[in-house]
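# Structural features, examined
So the chains spell out like this:
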Amino acid sequence: MAVCIAVIAKENYPLYIRSVPTQNELKFHYTVHTSLDVVEEKISSVGKSMGDQRELYLGLLYPTEDYKVYGYVTNSKVKFVIVVDSSNTSLRDNEIRSMFRKLHNSFTDVMCNPFHNPGDHIQSKAFDGIVSGMMVQTG
């Protein structure tokens with residue numbers, strides 16, 4: 001399961017970021033921020049070759065010694081980043097895809113809420129619940 005999940009706005013500021021354990025939160029902020037360069041690179045290379053039909057799932061952005069960072073981009077250029085522990089070898093690509101799909105559906109529900117202003121930080125309990133279900137349970 002994930003150790004960090006982030007939703008990044010089109011303008012590259014975080015709409016939502018959550019990590020477990022919380023003492024590594026700054027490290028995960030840095031990891032997510034550095035992954036944005038790879039996301040932009042993948043978007044621009046895919047955009048040139050395929051035109052309008054682009055894959056939303058970007059796959060493995062980059063592995064580090066401790067973590068693997070995966071990316072996903074919506075049609076509105078909102079980016080989702082999931083950081084997974086490298087020691088978790090049982091997690092397959094299709095499971096990561098389903099996590100992104102579930103995250104995207106929950107994000108869509110948040111955006112459809114008439115009381116949510118697009119561009120504001122996400123403060124939905126339902127979205128938080130979905131993210132909590134995807135996070136590694138510690139303790």
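These lines cover the structure that appears in this document, whether it is placed above or below. What you see as residue numbers is a count from 1 along each chain, following the sequence as written. Confidence filtering applies because this is a predicted model: local features only for residues at pLDDT of at least 70, side-chain atom pairs given and counted only at 80 or more, and all residues used for totals across whole chains, interfaces and linings. Water and hydrogen atoms play no part in the side-chain values, which are based on all heavy atoms of the structure.

## Quick look at the packing of aromatic side chains
For clarity, the cut-off: Between 30 and 60 degrees the pair is tilted, below 30 it is stacked and above 60 it is edge-to-face, where a pair is any two Phe, Tyr or Trp rings, Trp via its six-membered ring, whose centres lie within 6.5 Å. Starting at the N terminus, helices and strands are each numbered in turn, a helix being any DSSP run of H or I of at least four residues and a strand any DSSP run of E of at least two. Each residue is assigned to one of three classes by its accessible area relative to the maximum for its type, calculated with a 1.4 Å probe on protein chains only: buried under 20%, partly exposed between the two thresholds, exposed over 50%.
Evaluated as defined, the whole model comprises six aromatic pairs. Aromatic pair Y16 and F127: ring centres 4.9 Å apart, planes at 90°, arrangement edge-to-face. Residue Y16 is located in strand β2 (residues 14-19), and its partner F127 is located in helix α3 (residues 125-134); the two are separated by 111 residues in the primary sequence. For the residue pair Y16 and F127, the accessibility class agrees, reading buried in each case. Here Y72 and F80 contribute two aromatic rings whose centre-to-centre distance is 5.7 Å and whose plane-to-plane angle is 25°, an arrangement assigned as stacked. Neither Y72 nor F80 differs from the other in exposure class; each is buried. Put simply, the rings of Y57, Y72, F80, F100 and F107 pair up and form one aromatic cluster.

## What to know about α3
A turn of α-helix holds 3.6 residues, and therefore any two residues three or four places apart point the same way. Quick note on the threshold: Arc definition: directions from the helix axis to the C-beta atoms. Nitrogen and oxygen atoms within 3.5 Å of one another constitute a polar contact, given that in protein one can donate a hydrogen and the other can accept it, and given that sequence-neighbouring residues count only through two side-chain atoms.
Among the residues of α3, F127, V131 and M134 are the ones counted as buried. Burial along α3 is one-sided: seen end-on, the buried residues are contained in an arc of 55°. Facing away from the buried surface of α3 by more than 90 degrees, the exposed residues are K125, A126 and G133. Two or three places before A126, at the start of α3, stands the capping residue S124, its side-chain oxygen 3.3 Å from that residue's backbone nitrogen.

## Describing the pattern of salt bridges
Convention followed: Each reported salt bridge corresponds to a side-chain nitrogen of Lys or Arg within 4 Å of a carboxyl oxygen of Asp or Glu.
Throughout the structure, instances matching the rule amount to four salt bridges. With a shortest N-O distance of 3.5 Å, D128 and R18 are connected by a salt bridge. On the criterion of sequence distance, the pair formed by D128 in helix α3 and R18 in strand β2 is long-range, its members being 110 residues apart. Judged by its relative accessible area of 27%, R18 falls in the partly exposed class.

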